[in-house]
Amino acid sequence: MRSPRLTKAVIPVGGLGTRFLPATKAIPKEMLPVIDKPAIQYVVEESVTVGLTDILMVTGRNKRSLEDHFDRNLEIEETLARRGDEAQLLRVRESSDLVSLHYVRQGAAKGVGHAVLCAQPHVGNEPFAVLLGDDLIDPRDPLLDRMIAVQERCGGSVVALMEVDPRDIHLYGCAAVVPTDEADVVRITGLVEKPGPGEAPSTCAVIGRFVLHPGIFDVIRGTRPGRGGEIQLTDALDSLSRSRTAHAPVHGVLFSGRRYDTGDRADYLRTIVRLACERGDLGPDFRAWLAAFVSHDFHETR
Ligand code: G1P
């Protein structure tokens, strides 16, 4: 019998965000703004768009501002209502009207695999999605819908993959893959987290979207700390992809759309510039300024 469509999503947000210190000393990196919304709101919106409305955030010591963001702020709302500022009122309510969120604390930041394991009591025994908060997927290039369809058809787990420059593969989980009948779907035969020189089986990088079989929980429990001393989801998926249990197989969906890595400082800046250029309200002025800056001011001030 065909399983009912997935509704559960897990978003790990307990990382320390060391690349953005000191900005992330008191707030989680997922709360850093991408123009006028925190990065995490884009991820929650993506989840809701594909019907994943039962969202669990696996948080760390920094849960407070995340909870506040997705809750109502009556003081701000009343002030805006008094001023008759309907537009801003709608913007402020957007995040609290989206969906009701659940939270669990990870205790210590012991890696993405450990964060996923913390979700087991909430997820139970059904397939679920995992969205990493650093990776923004452009809503014009839907990915999760395709991954859910592949999981429903093939069972097992599905990982989002993207071709990257060979010089960058050491920054990602990397998959050994074999083709299937469908051009954008591959079978994963092994995975390596952040491969060292000569260790990468391909240039297929794991990006932050997964649809997982609940059998992953037992596998994570048996996974020893890997790269960086953390329990890596990549390592658990590697075991799964090599096993012949009912939890296998592991498939990859090859994504060729727009992805923004807000966990990297340079990419974070590129994301903001790119999205600002495309915005109807800010775009025209910003593009004109940027073009002038790049062609004139930038060269003058060097
Ligand atoms: C995590 C995963 C890695 C994946 C990456 C995608 O690494 O561990 O396998 O390729 O996300 O963004 P992080 O970027 O958190 O170090």
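These figures come from a predicted structure and were not determined experimentally.

Criteria and thresholds
Residues numbered from 1 in each chain as written. Predicted model: local features only at pLDDT ≥ 70, side-chain atom pairs only at ≥ 80, totals over all residues. Heavy atoms only, no water. Helix = DSSP H or I, 4+ residues; strand = E, 2+ residues; numbered from the N terminus. Rg over C-alpha atoms; globule rule 2.2 N^0.38 Å. Buried < 20%, exposed > 50% of the residue type's maximum accessible area, 1.4 Å probe, protein only. Contact = heavy atoms within 4.5 Å. Lys, Arg positive; Asp, Glu negative; His and termini not counted. Charge placed at Lys NZ, Arg CZ, Asp CG, Glu CD. Phe/Tyr/Trp six-rings, centres within 6.5 Å; stacked < 30°, edge-to-face > 60°. Near = heavy atom within 4 Å. Polar contact = N/O pair within 3.5 Å; in protein donor to acceptor, adjacent residues only side chain to side chain. Areas by Shrake-Rupley, 256 points an atom, 1.4 Å probe, with all protein chains shown as cover. Pairing = 2+ DSSP bridges. Salt bridge = Lys/Arg side-chain N within 4 Å of Asp/Glu carboxyl O.

Colleague: In this structure, what is going on with the overall build of the protein? I would like to understand it.
Modeller: Helices and strands together make up the secondary structure of the protein, namely 11 helices and 13 strands. Over its C-alpha trace the protein gives a radius of gyration of 20 Å, about what one expects of a compact globule, namely 19 Å for 302 residues. Summarising its shape, the C-alpha atoms of the protein cover approximately 60 × 45 × 35 Å along the three principal directions. Classification of the 302 residues of the protein by burial places 47% in the buried group. In the protein, the share of contacts with a sequence separation of at least 24, taken over all contacts with a separation of at least 6, comes to 76%. The distance from the centre of the 37 positive side-chain charges to the centre of the 42 negative ones in the protein is 4 Å.

Colleague: Teacher, can you tell me more about the packing of aromatic side chains here?
Modeller: Each aromatic ring pair is summarised here by two numbers: the centre-to-centre distance and the angle between the ring planes. Applying the stated criterion across every chain, the model contains four aromatic pairs. Ring geometry for Phe 128 and Phe 217: centres 5.2 Å apart, planes at 5°, overall stacked. Of this pair, Phe 128 sits in strand 6 (residues 128–131) while Phe 217 sits in helix 8 (residues 216–221), placing them 89 residues apart in sequence. Of the two residues, Phe 128 and Phe 217, neither departs from the other in class, the shared state being buried.

Colleague: I tried to follow unusual backbone geometry on my own but got confused; where do I start?
Modeller: For residues besides glycine, phi is generally negative; the peptide bonds are generally trans as well. Cis geometry is adopted by the peptide bond preceding Pro 22, which originates at Leu 21 and carries an omega value of 5°. Inspection of the secondary structure puts Pro 22 in the loop between strand 1 (8–12) and strand 2 (33–34). Notably, Lys 194 is not glycine yet its phi reads approximately 45°, a positive angle. With respect to the element layout, Lys 194 can be found in the loop between strand 10 (185–193) and strand 11 (204–212).

Colleague: Where do I start with the site of the ligand in this structure?
Modeller: Around the ligand, the surrounding shell consists of Arg 19, Leu 132, Asp 135, Tyr 172, Gly 173, Glu 193, Lys 194, Val 206, Gln 232, Thr 234 and Arg 259. At 3.2 Å, a side-chain N or O of Thr 234 approaches an oxygen atom of the ligand. Alone, the ligand offers 380 Å² of accessible surface; in the complex the protein occludes 83% of this.

Colleague: Even after reading the chapter, I still don't get the side chain of Asp 135, so can you show me in this structure?
Modeller: Its location among the elements puts Asp 135 in strand 7 (residues 135–137). Since its relative accessible area comes to 6%, Asp 135 is described here as buried. Looking at Asp 135, its side chain comes within polar contact range of the side chain of Arg 259, at 2.8 Å. In contact with Asp 135, not counting residues within four places along its chain, are Val 43, Ile 207, Gly 208, Arg 209, Arg 259, Tyr 260 and Asp 261.

Colleague: How do you make sense of the pairing of strand 6 when you look at a structure like this?
Modeller: Every other side chain in a regular strand lies on the same face of the sheet, so the side chains alternate between the two faces. The two faces of strand 6 match: Phe 128 and Val 130 on one face and Ala 129 and Leu 131 on the other face are all buried. Strand direction decides the pairing type here: strand 1 and strand 6, joined by two bridges, are parallel. The residue of strand 6 that forms the bridge with Ala 9 is Ala 129. Bridge count for strand 6 against strand 11 is four bridges, and the pairing is antiparallel.

Colleague: What is the right way to read the pairing of strand 4 (residues 54–59) from this model?
Modeller: Strand 4 sits mainly inside the fold: six of its six residues count as buried. Along strand 4, one buried face is formed by Asp 54, Leu 56 and Val 58 and the opposite face, lined by Ile 55, Met 57 and Thr 59, is buried too. Judged from the five bridges that link them, strand 1 and strand 4 form a sheet pairing that is parallel. Following the sheet pairing, Val 10 is matched in strand 4 by Leu 56. Relative to strand 5 (residues 101–105), strand 4 runs parallel, the two being bridged by five bridges. Of the residues in strand 5, the one forming a bridge with Met 57 is Tyr 103.

Colleague: So what exactly am I meant to see when it comes to the pattern of salt bridges here?
Modeller: Side chains that carry opposite charge are capable of pairing whenever their charged atoms lie near each other. In total, this model carries 28 salt bridges according to the counting rule given. In this structure, Arg 279 and Asp 36 form a salt bridge, with 2.9 Å as the shortest nitrogen-oxygen distance. A residue pair is termed long-range when its members are at least 10 positions apart, and Arg 279 in the loop between helix 10 (265–278) and helix 11 (283–300) and Asp 36 in the loop between strand 2 and strand 3 (37–38) qualify at 243 residues. A relative accessible area of 41% means that Asp 36 is categorised as partly exposed.

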